[in-house]
Structures are given as structure tokens and as C-alpha cells.
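A look at the structure
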Amino acid sequence: MWQCFLDIIDVISKIAQTGIAAFAAWLAWCTFLKAEVQESTISSEVEQPVGDVEDIKLFNTDKQTTWLRKTSRGIECHLDERREGKSGGLKWTLAPDKVKEILFTGDIHVNPSFKIRTGLLSIGRHTNWLYSKRLHPDPSQLHHDVIKLMKSVNA
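Notes on the environment of W129
- In this fold, W129 is placed in strand 7 (residues 126-132).
- Residue classification places W129 among the buried positions, given a relative accessible area of 8%.
- Between the C-alpha atom of W129 and that of F59, which follows or precedes it by 70 residues, the distance is 8.7 Å.

Here it is, written out as C-alpha cells:
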């Protein structure tokens, strides 16, 4: 009789373990495939782009697009926001002297991360900005393009 009771307990514990493992795997899968959204602070001034260097489209989804642009004031990061109730526009600016300092120190980092769709770009104190791997499959090329854009400010 006790053996039957122990067998039932064993079966129930194995079912519970399997259920917990399946639930954890499902949560991990949902997190892995989750659509990323860029969060940021807001800046009020917007300047028109200048020069012959192309803007860099960093991040693009059906809800957001993030751009790096060269302007007469330096490098600007713009967020085109298509979600209701959220504001886009100019997020930050790097003045030419700050751009020169960042180029000198090499404080530009591209982290491809483990996510399928997104990586992270950090420029100076502006850290962990999402970039789309679909737009920039080669992290070293994105790094090169950002440096090229920044060098055009000091040219």
C-alpha cells in the first residue's frame, strides 16, 4: 500500500516538474521574441541636417524609428514615435567639442547582444540605444558608420 502511495507521489511530482519547466521555457521564449521599444528622455530643440553625410537609421519597427543625424550643432538623435500617447522628436545632441572628445577617447560601443532583432549602441554618456540587426547585421560596420558620421562634424 505504501509503495502505491509513493508511486503516486512520484508521478505527481514529475508532472509538476514538467509543468514548471514548460512554463519557464514558454516565458523565456516570449522574452526572447519580445518586440523592443526604445525609451528615452525628451529634448525640445530641433535642427535641420547639414552636409553630405547620410543619416544613420539605427532602429526601425512599425512603432518607432531612431535616427542619428549630423546638424550644424553636432550629432543629434531623433526618435520618430508612432505609438499613441508617446512623444518622439529630438532626444539628445552631441556638440562638436563633445563629438571630438568621444572620437579621441573611443567611447563608442556596439553590443550585438543575444537578442535576435536588436543590439545596443552607446556613444559617450548616451548608452544602450537600440539598433535593429536587420538594418545593421555587422556590428563593426555600424561602429565604422557612427565614427564616419561623427568625424564629419569636425571636418
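Looking at the sheet that holds strand 5 (residues 108-111)
- Spatial strand order, 5-6-7: 3 strands in an open sheet with antiparallel pairing. In this open sheet, the two edge strands, each paired with only one partner strand, are strand 5 and strand 7. Geometrically, the sheet is characterised by an average inter-axis angle of 20° between neighbouring strands, direction not taken into account.
- Of the strand pairs in this sheet, strand 5 and strand 6 (residues 118-123) are connected by 4 bridges, and their pairing is antiparallel.

Topic: the nonpolar core
- Core analysis: the biggest nonpolar cluster contains 23 residues, and L68, L121, I123, V146 and M150 have the highest contact counts within it.
- Listed by contribution, the elements that provide at least two residues to this core are strand 1 (56-60), strand 3 (74-81), strand 4 (89-94), helix 2 (96-105), strand 5, strand 6, strand 7 and helix 3 (139-153).
- When residues in this core are grouped by element, the largest group, 5 residues, is from helix 3.

Description of helix 3
- Taking 1.5 Å as the rise per residue, helix 3 with 15 residues should run 21 Å; its terminal C-alpha atoms sit 22 Å apart, in good agreement.
- The set of residues buried in helix 3 consists of L142, V146, L149, M150, S152 and V153. Seen end-on, helix 3 carries its buried residues on one side only, within an arc spanning 155°. Opposite its buried face, helix 3 presents the exposed residues S140, K148 and K151, each directed more than 90 degrees away.

Quick notes on the packing of aromatic side chains
- Under the counting rule described, the total for this entry stands at 2 aromatic pairs.
- Where W92 meets W129, the ring centres are 6.0 Å apart and the plane angle is 65°; that geometry is what we call edge-to-face. Of this pair, W92 sits in strand 4 while W129 sits in strand 7; the two residues are 37 residues apart in sequence, bridging distant segments of the chain. One exposure class covers both W92 and W129, and it is buried.

Some points on unusual backbone geometry
- Of note, S113 is a non-glycine position whose phi angle comes to about 55°, a positive value.
- Positive phi, normally seen in glycine, also occurs at N128, with a value near 60°.
- Within the secondary structure layout, N128 lies in strand 7.

Here we look at the environment of T71
- As for its placement among the helices and strands, T71 is situated in strand 2 (residues 64-71).
- On a C-alpha basis, the gap between T71 and V153 in space is 8.0 Å, while along the polypeptide they are 82 residues apart.

Concerning the sheet that holds strand 1
- As summarised here, the arrangement of the 4 strands in space is 1-2-3-4, forming an open sheet in which the pairing is antiparallel. Edge positions in the sheet fall to strand 1 and strand 4, since each has one partner strand and no second. Sheet twist, expressed as the mean angle between neighbouring strand axes with direction ignored, is 20°.
- Bridge count between strand 3 and strand 4: 5 bridges; the pairing is antiparallel. Opposite L79, over in strand 4, you have G89 as the bridge partner.
- Of the strands in this sheet, strand 3 and strand 4 are in contact with helix 2, which crosses strand 4 at around 65°.
- Docked against the sheet, helix 3 engages strand 1, strand 2, strand 3 and strand 4, running at close to 40° with respect to strand 2.

About the cut-offs
- Residues numbered from 1 in each chain as written.
- Predicted model: local features only at pLDDT ≥ 70, side-chain atom pairs only at ≥ 80, totals over all residues.
- Heavy atoms only, no water.
- Helix = DSSP H or I, 4+ residues; strand = E, 2+ residues; numbered from the N terminus.
- Buried < 20%, exposed > 50% of the residue type's maximum accessible area, 1.4 Å probe, protein only.
- Pairing = 2+ DSSP bridges.
- Axes fitted to C-alpha atoms, helices over the stretch in contact; angles between N-to-C directions.
- Core = buried A, V, L, I, M, F, W, Y, C linked by side-chain atoms within 4.5 Å.
- Expected span 1.5 Å × (residues − 1).
- Arc of directions from axis to C-beta.
- Phe/Tyr/Trp six-rings, centres within 6.5 Å; stacked < 30°, edge-to-face > 60°.
- Contact = heavy atoms within 4.5 Å.

Keep in mind that these numbers describe shape and distance, not what the molecule does.
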